[in-house]
Amino acid sequence: MSRGIQDSANSDESSVKRLCEQLLDQQPQAQVLLERLLSRPAGRKEGNAFAAIRMGRCSACHLNVAAVRLQQAKSGEFINCASCARFLYFETR
Ligand SMILES: [Zn+2]
């Protein structure tokens, strides 16, 4: 009954690649931090360098994102989570 859950790990991987490109296009200086985050042991299929902002929180560690930074993210900028250091992006869905 509970079968049928689709694991979309592969498409997540390509979306991480796209996020990397967007980030470096926007903030070339972020490369060092990005590489550091990507080299952390992988525990999540979304990758451990990026997390979407959901309900105003980091979807990885659930820390509230400050309103000012939320605005930045909404305008398409990547921001860093103050707690887990992931690059946060606003999910447009
Ligand atoms: Zn976080």
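Look above for the structure.
Just so you know, these numbers come straight off a predicted model, no measurement behind them. (Residues numbered from 1 in each chain as written. Predicted model: local features only at pLDDT ≥ 70, side-chain atom pairs only at ≥ 80, totals over all residues.)

**Student:** It is not clear to me how unusual backbone geometry should be interpreted in this structure. Could you clarify?
**Tutor:** Comment: phi is negative for the bulk of residues other than glycine, and the bulk of peptide bonds are trans. We note that H62 has phi near 65°; this positive angle belongs to a residue other than glycine. Within the fold, H62 resides in the loop between strand 2 (57–58) and helix 3 (67–74). You will see that A85, though not glycine, has its phi angle at about 70°, which is positive. The residue A85 is located in the loop between strand 3 (79–80) and strand 4 (87–90) in this model. (Helix = DSSP H or I, 4+ residues; strand = E, 2+ residues; numbered from the N terminus.)

**Student:** Even after reading the chapter, I still don't get the sheet that holds strand 4, so can you show me in this structure?
**Tutor:** The pairing of strands in a sheet happens through backbone hydrogen bonds and is either parallel or antiparallel. Read across the open sheet, the four strands follow the order 2-1-4-3; overall the sheet is mixed. In the strand order of this sheet, the two ends are held by strand 2 and strand 3, each with one partner. Its contacts with the sheet put helix 3 on strand 1 (50–54), strand 3 and strand 4, and the angle it makes with strand 4 is roughly 70°. (Pairing = 2+ DSSP bridges. Contact = placed C-beta atoms within 7 Å. Axes fitted to C-alpha atoms, helices over the stretch in contact; angles between N-to-C directions.)

**Student:** Explain the nonpolar core to me, please; I cannot follow it from the model alone.
**Tutor:** Note on soluble globular proteins: their nonpolar side chains tend to be buried together. The biggest cluster of nonpolar side chains holds 14 residues, and the ones touching the most others in it are A51, C58, F78, F87 and L88. No other element matches strand 4, which puts three residues into this core. Setting aside anything within four residues of it in sequence, one finds C58 in contact with A51, I53, L63, V65, C81, S83, C84, R86 and L88. (Core = buried A, V, L, I, M, F, W, Y, C linked by C-beta atoms within 7 Å. Buried ≥ 20, exposed ≤ 12 C-beta atoms within 10 Å, placed from the backbone.)

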